Structure formats: structure tokens, C-alpha cells
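Below, each chain spelled out in residue letters.
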Amino acid sequence: MTKFAVNGKEFETNDPGDMPLLWALRDRLKMHGTKYGCGIGACGACTVMIDGQAMRSCQIPIANVEGKAVTTIEGLAPADAPTPVQAAWIAEQVPQCGYCQSGMIMAATALLASKPNPTDAEIDEAMTNICRCGTYPRIRRAIHRAAGATASAAPAAPAAPATETTGAAHE
Ligand code: FES
Ligand code: FES
């Protein structure tokens, strides 16, 4: 018996511990937002977050997620209240065929959680997923847009206390 949480709900299964997490998500839970692409850990279409880290679910045996929290694209937000990353994806009209995009959004969400304002180089280093439609420039723009939206939504830092200065300090 293997137990873990998927999008906040407990899930348990008697499937063999070496079954890939992607199989559990798609075949047992019928969550088809997480895609099967290459099956060898190369494309990233199957990316989910496990305890907040972007991972390729085709390469993770379910035994390895025992007791952990898995988040899939279905668990990010309700359709009428997209996350900043999802909203940026819409605003930049990122997807073409769309097949890679769940994995891209999960990878971008994990990236921004650990690095709220990544540079182009940091985006390119972190986003190793493959898009056969070549949407990489729009993905990069969407990540910058989401970073900006998150920063502007954050409460402003408290102003530094005013300090009295003497004329001598400005000489
Ligand atoms: S399907 Fe998992 S990395 Fe391609
Ligand atoms: S949008 Fe088609 S593979 Fe990425």
C-alpha cells in the first residue's frame, strides 16, 4: 500500500511501488492534465510538483512519493481564478498545440516559488522542458510577466523610519 496526497486529497493504492507516478495520476486518478511525452525523463511533459519541487512524474516510482504532497496542473487553481503564472500564460498566448504546456506551467510555478524574479539566463537554465512548437520566447515572456504580477501584488515593504539629518551630513 502506498499513500500520498494529490492536490490536497489523500490517495492510496495497492499498485506496485515501482509504478511511475504518471501512471497513478493518469490511469488511476484520471487526471489527464499531466501528459505522457517521451517516458524517459527527457521532455518534461509529465512535470508535477512533489513537495514544491518540479519533478518528471514518468521517472518517479510511487514508492518514492509515500507521504508526500503531489501537485498537478489540476490542483493549481480553479479555472475562474488562475494563478499569476496561468494568467500570464493566457495574456502572452503561450500555447500552440498545448501538449507541453501543463509541464511548462508546473516547472515555471516551481521556478518562481524558489526564484521570484529570474533572469533570462536563470529561466533558460531552469526550464529544461521541451516544446516541439517552439514557444520558448513566449514562455520566457510569460515568466517575466508572472514575476512582475506577483511582485506588484505583494504588500509594500514598510518605509524606513525617517531619520533627522543635520546640515553637516550633507556637506
Ligand atoms: S514524459 Fe516524462 S519527461 Fe517526457
Ligand atoms: S505548444 Fe506544442 S509542444 Fe509546446
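From a predicted model like this one, the values you see are computed outputs, not experimental measurements.

About the thresholds
- Residues numbered from 1 in each chain as written.
- Chains lettered and ligands numbered in written order.
- Predicted model: local features only at pLDDT ≥ 70, side-chain atom pairs only at ≥ 80, totals over all residues.
- Heavy atoms only, no water.
- Helix = DSSP H or I, 4+ residues; strand = E, 2+ residues; numbered from the N terminus.
- Buried < 20%, exposed > 50% of the residue type's maximum accessible area, 1.4 Å probe, protein only.
- Contact = heavy atoms within 4.5 Å.
- Areas by Shrake-Rupley, 256 points an atom, 1.4 Å probe, with all protein chains shown as cover.
- Salt bridge = Lys/Arg side-chain N within 4 Å of Asp/Glu carboxyl O.
- Pairing = 2+ DSSP bridges.
- pLDDT = per-residue confidence, 0-100.
- Axes fitted to C-alpha atoms, helices over the stretch in contact; angles between N-to-C directions.
- Parallel < 35°, antiparallel > 145°, perpendicular 65-115°, else oblique.
- Left-handed = near helix turned anticlockwise from the far one by under 90°.
- Nonpolar A, V, L, I, M, F, W, Y, C, P; charged D, E, K, R; others polar.

1. Here we look at the overall build of the protein chain
Broken down by element type, the protein chain carries 5 helices and 5 strands. Counting over 171 residues, the protein chain shows a buried share of 39%. Across the protein chain, contacts joining residues at least 24 apart in sequence account for 58% of those joining residues at least 6 apart. Summed over its atoms, the accessible surface of the protein chain is roughly 9,700 Å², and 55% of this surface lies on carbon and sulfur atoms.

2. Description of unusual backbone geometry
Phi angles above zero are rare outside glycine, and Asp51 is one such case at about 45°. When its relative accessible area of 49% is taken as the criterion, Asp51 is described as partly exposed. One non-glycine residue with positive phi stands out, namely Gln93, at about 50°. A residue is classified by how much of its surface remains accessible, and Gln93, at 55% relative accessible area, is exposed.

3. Examining the pattern of salt bridges
Per the stated rule, a full pass over the model turns up 7 salt bridges. One salt bridge connects Glu12 with Lys3, and the closest N-O pair in it is separated by 3.9 Å. Here Lys3 falls in the partly exposed class, since its relative accessible area comes to 39%. Glu122 is paired through a salt bridge with Lys115; the nearest N and O atoms lie 3.8 Å apart. By relative accessible area, which is 34% here, Lys115 ends up partly exposed.

4. Quick word on the pairing of strand β3 (residues 47–50)
Of the two faces of β3, the one carrying Thr47 and Met49 and the one carrying Val48 and Ile50 are both buried. The hairpin formed by β3 and strand β4 (residues 53–56) contains 2 residues between the paired strands, and Asp51 there has a positive phi angle of roughly 45°. By the bridge criterion, 2 bridges tie β3 to strand β5 (residues 69–71) in an arrangement that is antiparallel. Paired with Met49 across the bridge in β5 is Thr71.

5. Quick notes on the confidence of the model for the protein chain
In this model, the protein chain carries an average pLDDT of 91, and 89% of its residues clear a pLDDT of 70 or more. Here residues 159–171 is modelled with pLDDT under 50, and outside its nearest four sequence neighbours on either side it reaches 1 contact, counting other chains as well.

6. Side note on the packing of helix α2 (residues 84–91) against helix α3 (residues 101–114)
For the pair α2 and α3, interaxial distance at closest approach is 9 Å and the crossing angle is 130°. As judged from the angle between their axes, α2 and α3 are oblique. At the point where α2 passes α3, the crossing takes the right-handed sense. Touching Val85, Gln86 and Trp89 of α2 are Gln101, Met104, Ile105, Ala108, Thr109 and Leu112, all from α3. A breakdown of the residues in the contact of α2 with α3 according to their chemical character gives 6 nonpolar, 3 polar and no charged.

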